[in-house]
Amino acid sequence: MSSTTTDTAQVLQEEADHFKQTFARARDEIGKVIVGQHQVVEATLVAMFCGGNVLLEGVPGLGKTELVKALSHVLELDFRRIQFTPDLMPADIIGTNIMNTDESGKYQFEFRQGPIFTQLLLADEINRATPKTQSALLETMQEGTVTVGGTQYVLKQPFFVMATQNPIEQEGTFPLPEAQLDRFLFKVDVPFLNRIDMNEVVNRTILRQSVEPEKLLDSEKILHLRGVLNKVVVADPIRDYAVRVVLATHPGTDFAGEQVRRFVRWGASPRAAQALIKAARVRALAEGRAHVAFEDIRHFAGNVLRHRVLLNYDGQAENINIGELIEQCVAELPEELAKPRSLTADL
């Protein structure tokens, strides 16, 4: 191994160690505010460093709003919250052109920015708004831009959307279309608190204890850490494993199991494979490694695939749990297989 290669590997390992320390500190600081939801905090941080968006599903009162507030404080990013309602219009989110007069009294159009012009956006109960309003977020979530009246406005990076929806109360709601669900890197189920955690939450309320997390990062540092992700090594078998995990959710492929063939109508999109690799790279760095392992792919498979797999009529009738179905797919899938000839030739 040449000295140049050794030096490069050493620099990358140092960057991985720095990322590990930063990620752990950020997770701990947010954990000071959010009681109990360790997996939710981890998934949200991973999505932020990936440049993705998160859909949280859970009943009210579990700290979803406080999570975004704590995240904005620790990462020192601008934060805004939008309460989605049936009468909310797209212009209420992205902004609109209004007629105004200049100093000479001449009329002209002026663009007034909506609350989407921020860095951390909490879209609370997103499924309560109409599809027309929901679609106003599509461009911003995918491209990080807003187009109004033929003019494109670029949002300040990093830009992150965390949307919430209530799984219980479904009256007067509009389920998100598959195209929009696919824009979310993760869908995270927020579990109810256990006895110990709930006692801690109530105790803080009684004593009126205020926890102030430390500011650790800013926009420039976050974008720098994102640049490190592209250097994390993804070996060919690891990449192929992520692809096979996605293909295993499609009933018409050779990798699909019996349950998928029986209960699934449509599997995850190619974005799911990209999301698995992105999330695996962040987890590898958070563990202090400069390479992705098979376990990194499996770790976030449920969060990546859960909202991208559609059940058929039989699956819905038998109330099949998609999360358990994905766990079974991943458990049954072997880590390594012989490469097909076309793939071997390309590599």
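Here is what the cut-offs are and how they apply
- Residues numbered from 1 in each chain as written.
- Predicted model: local features only at pLDDT ≥ 70, side-chain atom pairs only at ≥ 80, totals over all residues.
- Heavy atoms only, no water.
- Helix = DSSP H or I, 4+ residues; strand = E, 2+ residues; numbered from the N terminus.
- Expected span 1.5 Å × (residues − 1).
- Buried < 20%, exposed > 50% of the residue type's maximum accessible area, 1.4 Å probe, protein only.
- Pairing = 2+ DSSP bridges.
- Axes fitted to C-alpha atoms, helices over the stretch in contact; angles between N-to-C directions.
- Contact = heavy atoms within 4.5 Å.
- Phe/Tyr/Trp six-rings, centres within 6.5 Å; stacked < 30°, edge-to-face > 60°.

**Student:** Run through helix 3 (residues 64-75), naming residues and quoting values.
**Tutor:** Given a rise of 1.5 Å per residue, twelve residues ought to cover 16 Å, and the 17 Å separating the end C-alpha atoms of helix 3 matches this to within 8%. Within helix 3, burial applies to Lys64, Leu67, Val68, Ala70, Leu71, Ser72, Val74 and Leu75.

**Student:** Provide a residue-level description of the sheet that holds strand 2 (residues 79-83), including the pertinent values.
**Tutor:** Strand order across the open sheet formed by five strands is 2-5-8-1-9, with parallel pairing between neighbours. Edge positions in the sheet fall to strand 2 and strand 9 (186-189), since each of these pairs with one other strand and no more. Across the sheet, the mean angle from the axis of one strand to that of its neighbour is 20 degrees, orientation sign disregarded. Two elements, strand 5 (residues 120-124) and strand 8 (residues 160-165), share four bridges in a ladder whose sense is parallel. Bridging from a neighbouring strand, Leu122 pairs with Met162 of strand 8. Taken strand by strand, helix 2 (residues 38-50) contacts strand 1 (54-57), strand 5, strand 8 and strand 9, and its axis lies near 165 degrees from that of strand 9.

**Student:** Now, about the packing of aromatic side chains: what can you tell me, with residues and values included?
**Tutor:** Summed over all chains, the structure comprises eight aromatic pairs. A ring pair is formed by Phe111 and Tyr153, whose centres lie 4.4 Å apart and whose planes are at 15 degrees; its orientation type is stacked. Here Phe111 is found in strand 4 (residues 107-113), whereas its partner Tyr153 is found in strand 7 (residues 151-154), with 42 residues between them in sequence. Relative to Phe294, the ring of Tyr241 lies with its centre 5.3 Å away and its plane at 90 degrees, an arrangement referred to as edge-to-face. Taken together, the residues span a long stretch of sequence, with Tyr241 in helix 10 (residues 236-247) and Phe294 in helix 13 (residues 294-299) at a distance of 53 residues. Across the pair, exposure class does not vary: Tyr241 and Phe294 are buried alike. Grouping aromatic residues by their ring pairs yields a cluster made of Phe19, Phe23 and Phe49.

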